[in-house]
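# Summary of structural features
Below are the chains, spelled out letter by letter.
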Amino acid sequence: MSEILQDLYDIILDRINKMPKGSYTAEIVSKGKGYVARKVGEEAVETVVASLSEGKNRFLCESADLIYHLWVLMALEGIKPEDLYQELKRRMK
Ligand SMILES: N=c1c2ncn([C@@H]3O[C@H](COP(=O)(O)OP(=O)(O)OP(=O)(O)O)[C@@H](O)[C@H]3O)c2ncn1[C@@H]1O[C@H](COP(=O)(O)O)[C@@H](O)[C@H]1O
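Below or above, wherever it landed, is the structure these notes cover. If you're wondering where the values come from, they're calculated on a predicted model, not measured in any experiment.

### Details of unusual backbone geometry
Phi at Met 19 takes a positive value of approximately 45°, unusual for a residue other than glycine. Tracing the backbone shows Met 19 in the loop between α1 (2-18) and α2 (24-29).

Encoded structure:
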């Protein structure tokens, strides 16, 4: 699980550095951090709606969209997956 999230983060960082044509990551990053942050909010709302009324599969897909957009925002903030894991570990009882 954490390997896939790390791989996704590394790909996102590569897209941010190279900003290649045809990359969705490059497209949203070029619109600024505020745009990416709003996308995270939008995907969070879509995840909630899916949970409340659209069924398990829609919830799964929206959750993946949410995590992808959160990962792009984390990369823009300079926060690595391992920083997040450390914070979660710190809270663990
Ligand atoms: N995991 C994802 C991923 N999840 C969701 N999305 C995109 O997020 C968007 C979902 O947002 P919306 O539902 O709002 O759809 P939209 O109308 O296209 O979005 P907007 O025009 O509103 O920005 C879709 O366009 C999806 O393609 C993703 N885009 C890319 N990745 C991964 O990110 C990596 C880099 O991808 P590229 O930057 O495209 O090369 C690759 O490994 C991809 O697999």
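### Some details on the nonpolar core
In this structure, Tyr 9, Ile 12, Ile 28, Val 36, Tyr 68, Trp 71 and Val 72 are the most contacted members of the largest nonpolar core, which totals 13 residues. Secondary structure elements with two or more residues in this core: α1, α2, α3 (33-53) and α4 (56-77). Examining the composition of this core, we find that 6 residues originate from one element, α4, more than from any other. The contacts of Val 36, once residues within four sequence positions are left out, are Ile 28, Val 29, His 69, Val 72, Leu 73 and Leu 76.

### Quick word on the pattern of salt bridges
Scanning the entire structure with this criterion turns up 9 salt bridges. We note a salt bridge from Arg 58 to Glu 54, for which the minimum N-O separation is 4.0 Å. Here Arg 90 makes a salt bridge to Glu 87, at a shortest N to O gap of 2.7 Å. Of the two residues, Arg 90 and Glu 87 both sit in helix α5 (residues 81-91), 3 residues apart, roughly one turn of that helix. A residue is classified by how much of its surface remains accessible, and Arg 90, at 62% relative accessible area, is exposed.

Calculation rules
Residues numbered from 1 in each chain as written. Predicted model: local features only at pLDDT ≥ 70, side-chain atom pairs only at ≥ 80, totals over all residues. Heavy atoms only, no water. Helix = DSSP H or I, 4+ residues; strand = E, 2+ residues; numbered from the N terminus. Core = buried A, V, L, I, M, F, W, Y, C linked by side-chain atoms within 4.5 Å. Buried < 20%, exposed > 50% of the residue type's maximum accessible area, 1.4 Å probe, protein only. Contact = heavy atoms within 4.5 Å. Salt bridge = Lys/Arg side-chain N within 4 Å of Asp/Glu carboxyl O.

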